[in-house]
Every structure is written in structure tokens, then in C-alpha cells.
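Chain residues, written in single-letter form:
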Amino acid sequence: MPVLVIGTGYGGSVAALRLAQAGTDVHMVEMGMAWDTPGADGKIFANTTRPDDRSFWLRTRTKQPLSNFLGFPLDKNVNRYTGILDAEEFAGITVYQGRGVGGGSLVNGGMAVTPRRENFAAILPSVNAAEMYSTYYPRANAGLGVTTIDPAWFDTVDCYQYSRVGRKHAQRSGFPFLFVPAVYDWDYMKQEAAGTVPRSALDAEILYGNNYGKKSLQKTYIDRIRATGRVTISPLHRVTRVSPASGGGYTVLIDQLDTTGRTSVTKTVTADKVFFAAGSVGTSKLLVGLKATGALPLLNNEVGKGWGENGNVMCGRANHLWDPTGKVQSSIPTGGIDNWDAGGAFAEVAPLPTGIETWASFYLSITKNPHRAEFTWNAAAGRAELNWQTAWKQPSIDAARTIFDKINKKEGTIYRTDLFGVHKIWGDHLTYHPLGGAVLDKATDNYGRLHGYPGLYVIDGALIPGNCSVNPFVTITALAERNIERIIATDL
Ligand code: FDA
């Protein structure tokens, strides 16, 4: 076969679509499920407030980002199943990732943010920023269907009361508040608010999939991929090994999984070219393992390095009684507070969709955390490990505090201490934004070609060196659009 793509997230979908449009047949291999069939409740995806077997990847107990609420623990037992959200635990951090055809687009908040140009230029100095902002960011935003909320509707609708309170508090403390674009169908959300269609954003759907209004990759790139007729997608198939084939090209070993995660069959295929698009963690784990075990010994020493968590940290604030944040909160955030230049933090006003009035403002901050971790191969255990240290989140907390200490002082309010465990203020144990591990122009050339192996490419979040200054999927998509255009022009 000409091309095999490992993973069906943003990078993999861009690669497959553009290759197919250029006339190349592509096989996409995805370890997660297809997510195209309703469960017993008639819905494909489980609700955030009622997690079930579908919610987590191979766990027997849920591991929700918010562990407690008003003193009650939130997690519960489930059956081990190839569910949609992986809470992958390393020694110092839990990394949340989507599993299934569509990758992270199935589970994410849909915030589709283009970084400020000067920040992009500082993060990826080897990339021509002028080209990115004139061609590839616009192409990515169009391909993903990115749009911004109608400000007049935002100002009046109940489900964004929480975001308006966030705006008021930011502005009273002198911080710029900006609308964050998203990949949600706003007309659909208006109909949800009017009660004329089944609800998804307004029924708290996030984390475990969205049944209606969110434009996940299934509705954008993957829909167009299917229309080419040139792409085969194999769900519940996990790539375990890639090595040079004797007659040229690469031999790829693939485990077919059942829904309990057990291997039912192992398959071997050969491909002329292989794209690693298994996500920052998936691609990094594969590459360090393949280098160390002798399958791809010529990969360079940058493989596994430059990994970061995009400075993710969460917190909640307890508002006064005159600042209710609303019973029904749209699960799609629309507003952010930009204090990147002065304090190294960009904070999104996030929903806390509990269905009751909480008087809480909740935030996900993306911060300029300088720490970078490395994946290494533990030969004895036969697995890749990540050396991120829990204490490395302190710079993220300090950066987020440049916003929220000031707001608390101005408003006379305090942090919530009931969301992340007993008397814990900061959600600093996790990331939703793993980035790096096969950094552009280091582990690969300036277009994602892996050094040492012609025909092997990285085309996902592993290329971005640990931080993106905003939510990453638009940048992952735009960089993939840039790289695949060059690869099609010169390597096919
Ligand atoms: P991605 O992770 O999307 O895809 C990789 C795919 O490869 C997965 O489907 C995986 O199952 C598969 N795979 C891995 N190993 C494999 C193997 N060995 N064999 C076969 N398949 C394999 N970003 C943003 O910009 N805005 C937002 O609002 C959010 N919100 C958000 C919320 C939550 C809960 C999460 C978990 C994440 C976000 N993100 C986000 C992050 C965003 O979703 C993420 O950055 C992208 O999905 C990463 O895209 P990639 O193409 O790198 O990989």
C-alpha cells in the first residue's frame, strides 16, 4: 500500500485528506472505536454528568478532571471498555486524550484559537510565519469550520451568563477579554436554547463526546476523506511496530483489539510511507520504543524530547451572591482573558455544567511553563516513561495567579477549595494539551520528515515544542496543512 497513517486526529486527518485528493490511496489505523453507532440509550456519546462504560479508555473507575464537588467525590466504577477518553497516567502527570476515529476532536472543548503571530514565531522560529498566517492558518480554520459566537446573542442568552460574569470580572481588573472562536454550530446552539432541537452543548456534553452540534473531525475533514473513496479507516487497530521492509518501504505490525482492549488478531502490512499521527504522547511513545528496541535505530537523539503540557492549570473562584453563573451553562467556552505578555497566562472562562447554581467561576489557563520533559524507554518494563515532575506546575500556578489573585482582590472573593480534592485550589495534576516529543526541525526536518528514514513522517502535536500559547488544535492542523503540501509536492 502507498501510505499508512497512524491515528485519526487532526494531523492524521489532514495528511489523509490531502494525500487522497492528490490521488494516493491511504490506510488510516486508529486504536479507538469508530463512534458511529448509538448505545442502549439511543445516543452515541455519554453525558458528562452521567459517565458510563463509553466514557473512559480501559479503566474500571472513572478519573474525571474534577474529582470533587461540595465535599463529594465524583468518580465511580465502570466496566473496562475501549471508551472515548483516555486519562493516561505517568509518574508526575495525567494526560487526557481522545480515543476513536476523530482523535481529540471527539472529546475536546472545540475552542479553535489561532495564536498571536509573534507568539507563533517564538515557538516555531524555523517556520515561515508569513506563510502560516496568509495561507495555512486560514486553510485550517476553513477546513475545521471555525466561527465566533454572535456577540449580541452572547450578551443576552442564559447559557453564557457564566462567561459574562467572567468578562465583567476580567474587565473590572483591567484585563482584556476576547471572544474565543469555536467549532460549534452556533445556529444549532440557538435552537437548543429555544428548545426546538435535542440538546448537546446545553445538555453539558463535553469530555465524553458531543451528540449534535459540535463539528468534530467526523463532520469536517473525515467526512471529506470518506468522499474521496481512496481512504480505508480501521478502528480498534493499534500500531505496535514500524521497521524497514526488505524490499523497500516499511513493515507495520498492527494489533486488532476487542472492546475490552485485548488483542484478537495481529496483522502485518507493508507501506511505502508511514505518517506518525498518534498524537504527541502516542507518537513519542512509539518512536522512543522503536529506536530503543532496534526497529528504527537510526532515529536521532531528539526523539522523545521537548515535551510539555501547554502550561495547563485549572482553578475556580467563589463569587458573591449577586454574581450567579447560571444553572444551564453551555459546554462550549467562548471567552478568554489575555495576560500572556505581562503574566504568561491566557485563561479561558470554562463552564461548570452541574445543572445547579454554583456561584462559581471556573477557568482553564494556558501558561508559559518553561519546563520540558522527555520520554525514555524502560526496557525492563517494556514501556515508555515520561519524566514530568509534579513540582514543575508551580510556574503555571504562578502565571495563573497574575490574573486570579488580582480579580479576587478587586472583587473581594476567594478561590474554590472543593473541586480538586480536599482544600486544594489548583487543578495542576493534568493536561489536556500534550505537545512535543518529536519536535519540528529537531527530531524531524523542517517539514516533519524523520531523520534517518526516508518515507517516515511525523504530522501531529508531537512536532510542537511543548507550548502553543493558546489551545493547540488549530495550530496542529495548520502546521499539518503546511507540511503535507510540501511533502506531496516533493516526495510522492
Ligand atoms: P490526536 O490525539 O487528536 O489523535 C491521535 C489519534 O491516534 C487518537 O485517536 C489515538 O487514539 C490514535 N492512536 C494513538 N496511538 C495509536 C497507535 N499506536 N495505533 C493507532 N492509533 C493510535 N484543543 C484545542 O485546541 N481546543 C480545545 O478546546 C481543546 N479541548 C480539549 C479537551 C480535552 C478533554 C482534551 C483531551 C483535549 C483538548 N484539546 C483542545 C486538545 C486537542 O484535542 C489535541 O491537541 C489534539 O486532538 C491533538 O491532535 P493530534 O492530531 O496531535 O492527535
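Reading the values: the criteria
Each residue is numbered by its place in its chain's sequence as written, counting from 1. Totals for whole chains, interfaces and linings use every residue, but because this is a predicted model, local features are given only for residues with pLDDT of at least 70 and side-chain atom pairs only at 80 or more, for both listing and counting. Computation of side-chain values covers all heavy atoms of the structure but excludes hydrogens and water. UniProt positions are given in the numbering used here, feature names are shortened, and annotations may be inferred rather than shown by experiment. By the convention used here, strands pair only if DSSP detects at least 2 bridges between them. In this description a helix means any DSSP run of H or I spanning at least four residues, a strand means any run of E spanning at least two, and both kinds are numbered starting from the N terminus. Note on definitions: angles span 0 to 180 degrees between N-to-C directions of axes, and those axes are lines fitted to C-alpha atoms, for helices only across the stretch in contact. Proximity is defined per residue: if any heavy atom of the residue lies within 4 Å of a molecule or strand, that residue is considered near it. Any pair of nitrogen or oxygen atoms within 3.5 Å is treated as a polar contact; in protein, a donor-acceptor pairing is required on top of that, and neighbouring residues in sequence qualify only through side-chain atoms on both sides. Accessible areas in this description were obtained via Shrake-Rupley with a 1.4 Å probe; residue shielding takes into account the shown protein chains only. Amino acids are sorted into nonpolar (Ala, Val, Leu, Ile, Met, Phe, Trp, Tyr, Cys and Pro), charged (Asp, Glu, Lys and Arg) and polar (every other residue, Gly among them). Only heavy atoms enter the contact rule, under which two residues are in contact if any of them lie within 4.5 Å. A pair of Phe, Tyr and Trp rings is counted when the ring centres sit within 6.5 Å of each other, with Trp represented by its six-membered ring. The angle between the planes then sorts it: under 30 degrees is stacked, over 60 is edge-to-face, the rest tilted. Exposed residues in this analysis have more than 50% of their type's maximum accessible area, buried residues have under 20%, and partly exposed residues fall in between, with area computed by a 1.4 Å probe over protein chains only. Viewed with both strands pointing away, a crossover whose connecting path from the first strand over the helix to the second turns clockwise is right-handed. Salt bridges are defined as contacts in which a side-chain nitrogen from Lys or Arg sits within 4 Å of a carboxyl oxygen from Asp or Glu. The length a helix should cover is 1.5 Å for every residue beyond the first. Joining through side-chain atoms within 4.5 Å is the link that ties buried Ala, Val, Leu, Ile, Met, Phe, Trp, Tyr and Cys residues into a set, and such a set is a nonpolar core.

Naming follows an unreviewed UniProt entry, where the chain appears as Cholesterol oxidase of Kitasatospora albolonga. Its UniProt record gives the chain the following Sequence similarities (unreviewed entry) comment, quoted word for word: "Belongs to the GMC oxidoreductase family." Heading Cofactor (unreviewed entry) of the UniProt record for the chain holds this comment: "FAD".

Engineer: Which residues make up the sheet that holds strand S1 (residues 3-6), and what values go with them?
Structural biologist: Strand order in this open sheet of five strands is S8-S2-S1-S12-S21, and the pairing throughout is parallel. Here the strands that pair on one side only, and so sit at the sheet edges, are strand S8 (231-234) and strand S21 (456-458). Going from strand to strand, the sheet's axes swing by 20° on average, the running direction of each strand aside.

Engineer: How would you summarise the site of the ligand if you had to cite specific residues and measurements?
Structural biologist: Contacts to the ligand come from 37 residues, most closely from Glu30, Gly104, Met111, Gly461 and Phe473. Within the contact set of the ligand, a nitrogen atom lies 3.1 Å away from a backbone nitrogen or oxygen of Gly109. The contact in question runs from a nitrogen atom of the ligand to an N or O atom on the backbone of Val239, over 3.0 Å. For the ligand, whose unbound accessible area comes to 1,000 Å², protein coverage reaches 94%. Listing elements by their share of the shell around the ligand, those giving two or more residues are helix H1 (10-21), strand S6 (94-98), strand S9 (237-244), helix H8 (279-292) and helix H11 (473-491). The residue inventory of the shell around the ligand, partitioned by class, reads 16 nonpolar, 17 polar and four charged.

Engineer: Which residues make up the sheet that holds strand S16 (residues 360-367), and what are the values?
Structural biologist: Spatial strand order, S7-S14-S15-S16-S13-S19: six strands in an open sheet with antiparallel pairing. The sheet is open, and its two edges are formed by strand S7 (177-179) and strand S19 (414-415), each paired on a single side. Alignment of strand S14 (residues 335-339) against strand S15 (residues 345-350), held across four bridges, turns out to be antiparallel. When the sheet's bridge partners are listed, Gly336 is paired in S15 with Glu348. Running at roughly 145° to S7, helix H5 (residues 161-172) makes contact with S7, strand S13 (313-318), S14, S15 and S16 of the sheet. On top of the sheet, helix H10 (residues 394-411) reaches S13, S14, S15, S16 and S19; it is set at about 10° to S13, its chief contact.

Engineer: Quick one: what's the story with the packing of aromatic side chains, residue by residue and with numbers?
Structural biologist: Enumeration over the complete set of coordinates arrives at 22 aromatic pairs. Look at Phe120 and Tyr137: their rings are 5.9 Å apart centre to centre, the planes differ by 85°, and that puts the pair in the edge-to-face class. Of this pair, Phe120 sits in helix H2 (residues 117-123) while Tyr137 sits in helix H3 (residues 129-144), placing them 17 residues apart in sequence. Each member of the pair, Phe120 as well as Tyr137, carries the same accessibility label: buried. Ring geometry for Trp388 versus Trp392: centroids 5.2 Å apart, planes at 85°, classification edge-to-face.

Engineer: Describe the side chain of Thr48, and please don't skip the residues or the numbers.
Structural biologist: The residue Thr48 is located in the loop between strand S2 (26-29) and strand S3 (68-69) in this model. At 2.7 Å, the side chain of Thr48 and the backbone oxygen of Ile206 are in polar contact. Excluding its chain neighbours within four sequence positions, the residues that come into contact with Thr48 are Gln64, Ala204, Glu205, Ile206, Leu207 and Tyr208.

Engineer: Tell me about the pairing of S1, and please be specific about residues and values.
Structural biologist: Side chains of S1 alternate between two faces, with Val3 and Val5 and Leu4 and Ile6 buried alike. Inspection of the sheet shows S1 paired to strand S12 (residues 273-276) by four bridges, in the parallel sense. By the bridge assignment for S12, Val3 is matched with Lys273. In this structure, S1 lies alongside S2, joined through four bridges in parallel fashion. Within S2, the residue paired with Val3 across the bridge is Val26. Between the parallel elements S1 and S2, the chain passes through H1 in a crossover that is right-handed.

Engineer: How would you explain the side chain of Ser469 if you had to name every residue and give the values?
Structural biologist: Structurally, Ser469 is set in the loop between S21 and H11. Assessed through its relative accessible area of 2%, Ser469 is described here as buried. Discounting residues that sit within four places of it in the chain, Ser469 has contacts with Pro115, Asn119, Ile123, Asn310, Trp340, Phe346 and Ile366.

Engineer: How would you sum up the pattern of salt bridges? Please name residues and give values.
Structural biologist: Tallying each qualifying case throughout the model produces 24 salt bridges. For Arg449, the salt bridge is made with Asp491, and the minimal N-O distance between the two is 2.8 Å. With Arg449 in the loop between strand S20 (430-431) and S21 and Asp491 in helix H11, this pair connects stretches of sequence that are 42 residues apart. Residue Asp491 is classed as partly exposed on the basis of its relative accessible area, which comes to 21%.

Engineer: Could you give an account of the UniProt feature "domain: Glucose-methanol-choline oxidoreductase C-terminal" (unreviewed entry) in the chain, naming the residues involved and the relevant values?
Structural biologist: Per the UniProt record, "domain: Glucose-methanol-choline oxidoreductase C-terminal" (unreviewed entry) is found at residues 431-480. Helix makes up 16% of residues 431-480 and strand 8%, with an end-to-end C-alpha separation of 22 Å.

Engineer: Could you give me a rundown of H8, with the residues and numbers involved?
Structural biologist: Here H8 spans 20 Å end to end across 14 residues, near enough to the 20 Å set by a 1.5 Å rise per residue. Judged by how many residues are buried, H8 sits mostly within the fold: 10 of 14 residues are covered. Residues Ser280, Val281, Gly282, Thr283, Ser284, Leu286, Leu287, Val288, Gly289 and Leu290 constitute the buried set of H8. Remark: Gly294 follows H8 within two positions and exhibits a positive phi of approximately 90°.

Engineer: Go over unusual backbone geometry, please, and point to the residues and values.
Structural biologist: For residues that are not glycine, phi is negative in most cases, and the peptide bond is trans in most cases. Notably, Trp35 is not glycine yet its phi reads approximately 55°, a positive angle. The backbone phi angle of Leu58 is positive, close to 50°, even though this residue is not glycine. Judged by relative accessible area, Leu58 falls into the buried class, the value being 18%.

Engineer: Hey, could you go over the nonpolar core for me, with residue numbers and the actual values?
Structural biologist: Formed by 92 residues in total, the largest nonpolar core has its most connected members in Leu4, Val242, Val274, Phe275 and Phe276. Considering every element that reaches this core, the biggest residue donor is H11, with eight residues. Setting aside its immediate chain neighbours within four residues, Phe276 contacts Ile6, Val242, Thr283, Leu286, Leu287, Leu290, Leu450, Leu456, Tyr457, Val458, Ile459 and Asp460. With 34 residues, the next largest nonpolar core counts Trp153, Trp186, Val197 and Tyr363 among its residues.

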